[in-house]
Amino acid sequence: MTGQRTRTIDRGEQAELGRLLAAGPFDVALRAAIRARGLGLERIRYRLRGRGTTVSLATLSHWQSGRCRPERPESLEALRNLEDILNVPDGSLSKLLGPPRSRTRIHALS
């Protein structure tokens, strides 16, 4: 035994996860995949670290709440590892990100 916690999800939950992975949005699909896998954010962070990827708990929390999303190359690499850890198809979460957001800032006119 590896000490892994396993969770069985019912067909309805599996169908909902599949729908979310197909259509998004990213944060809702990520949250559903995490819930379906039955792992806490600390455990996910530990597994990512084991793959050489460092992501803070705050970052994982922000990704699943929609406050921010992975955009930097390091974050996108973490997302590829996360898809594997969560047992979702390769690229299923990444494709939900769409194009990168604009980084321009609007300054108020004085």
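What counts and what doesn't
- Residues numbered from 1 in each chain as written.
- Predicted model: local features only at pLDDT ≥ 70, side-chain atom pairs only at ≥ 80, totals over all residues.
- Heavy atoms only, no water.
- Buried < 20%, exposed > 50% of the residue type's maximum accessible area, 1.4 Å probe, protein only.
- Helix = DSSP H or I, 4+ residues; strand = E, 2+ residues; numbered from the N terminus.
- Arc of directions from axis to C-beta.
- Contact = heavy atoms within 4.5 Å.
- Core = buried A, V, L, I, M, F, W, Y, C linked by side-chain atoms within 4.5 Å.

S.K.: What is the right way to read helix α4 (residues 57-65) from this model?
M.R.: A turn of α-helix holds 3.6 residues, and therefore any two residues three or four places apart point the same way. Listing the buried residues of α4 in full gives Leu 60, Trp 63 and Gln 64. An end-on view of α4 places all buried positions within 90° of arc, on one side of the element. Residues of α4 that are buried sit in contact with α2 (26-37), α3 (41-50) and α5 (73-85). Where α4 terminates, the next one or two residues include Gly 66, which has phi positive at roughly 85°.

S.K.: It is not clear to me how unusual backbone geometry should be interpreted in this structure. Could you clarify?
M.R.: Across the chain, the bulk of peptide bonds are trans and the bulk of non-glycine residues have phi less than zero. Following Gly 24, the chain continues to Pro 25 via a peptide bond in cis, the omega torsion being 5°. Phi angles above zero are rare outside glycine, and Asn 87 is one such case at about 60°. Positionally, Asn 87 belongs in the segment after α5. Residue classification places Asn 87 among the exposed positions, given a relative accessible area of 58%.

S.K.: I tried to follow the nonpolar core on my own but got confused; where do I start?
M.R.: Generally speaking, soluble globular proteins have nonpolar side chains that are buried together. Formed by 26 residues in total, the largest nonpolar core has its most connected members in Ile 44, Leu 82, Leu 86 and Leu 93. If you list the elements that add at least two residues to this core, you get α1 (11-23), α2, α3, α4 and α5. Beyond its immediate stretch of four places on either side in the chain, Leu 86 contacts Leu 30, Ala 33, Ile 34, Arg 37, Ile 44 and Leu 93.

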